[in-house]
Amino acid sequence: MGDDHNSHGTSAPEPELERVLGLTVEVEEPIEIGETGDGHRRIIPISGGTVTGRCNGRVLSAGADYQLFRAERPTELVAKYAFETDDGSRVYVENRGIRRAPSEASERLRDGDPVDSDAVYFRSVPSFETVDPELDWLTRHVFVAAGTRQPTGVRLVVYRVG
């Protein structure tokens, strides 16, 4: 499995990244669940935002980011929400990722305080569902995203893995 050659002696293709979307996701105050034994659980409602790039539109006020904050391990993030394109098509997004930072920066992030984005590793793997044939490309590829925490939400840059 660890070999990058197949039985015919050719190398596996090198993946390429194509920047396809920018999302600004606005959020509301967290709903604190508390320390559950697995970490500090909270739910952050998504209230809106914008989508730019290969399609343009707005993030709908529906969905949330389900976070599990742990001091010694990366924070687990699972966001589920939708956006609507300028043409009226709707896209469901499920985005799983991690956010890792030094403990002081991590606590500042949890408390909603500003943190230098260079101190934070924030990556995710979004998947998309839609019925619009023009947006079918969103359902036929693997995507990765790099995120930064903003004062009122999150900024994501989404790349198609080619």
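Calculation notes
Residues numbered from 1 in each chain as written. Predicted model: local features only at pLDDT ≥ 70, side-chain atom pairs only at ≥ 80, totals over all residues. Heavy atoms only, no water. Helix = DSSP H or I, 4+ residues; strand = E, 2+ residues; numbered from the N terminus. Buried < 20%, exposed > 50% of the residue type's maximum accessible area, 1.4 Å probe, protein only. Contact = heavy atoms within 4.5 Å. Areas by Shrake-Rupley, 256 points an atom, 1.4 Å probe, with all protein chains shown as cover. Lys, Arg positive; Asp, Glu negative; His and termini not counted. Charge placed at Lys NZ, Arg CZ, Asp CG, Glu CD. Phe/Tyr/Trp six-rings, centres within 6.5 Å; stacked < 30°, edge-to-face > 60°. Lys NZ or Arg CZ within 6 Å of the ring centre and 35° of its normal. Pairing = 2+ DSSP bridges.

### Observations regarding the overall build of the chain
In terms of regular secondary structure, the chain is built from one helix and nine strands. Along the chain, helices and strands appear, N-terminal first, in the series β-β-β-β-β-β-α-β-β-β. By the burial criterion, 38% of the 162 residues in the chain qualify as buried. Contacts in the chain between residues far apart in sequence, at least 24 positions, make up 47% of those at least 6 positions apart. Just so you have it, the chain exposes about 9700 Å², and 48% of that area is on carbon and sulfur atoms. The positive charge centre, built from 19 side chains, and the negative charge centre, built from 28, are 1 Å apart in the chain.

### A word on the packing of aromatic side chains
Scanning all chains against the criterion turns up two aromatic pairs. Where F128 meets F143, the ring centres are 5.2 Å apart and the plane angle is 90°; that geometry is what we call edge-to-face. One end of the pair, F128, is in strand 7 (residues 121–129); the other, F143, is in strand 8 (residues 142–150), and 15 residues separate them in sequence. Look at F128 and you get buried, because its relative accessible area is 7%. Through a chain of ring-to-ring contacts, the aromatic side chains of F128, W137 and F143 assemble into a single cluster. When the ring centre of W137 is taken as reference, the NZ or CZ atom of R54 above it lies at 3.9 Å.

### Quick look at the pairing of strand 2 (residues 31–35)
Alignment of strand 2 against strand 3 (residues 40–53), held across four bridges, turns out to be antiparallel. Following the sheet pairing, G34 is matched in strand 3 by R41. Connecting strand 2 to the next strand, strand 3, in antiparallel fashion are four residues, including G37 with a positive phi near 105°.

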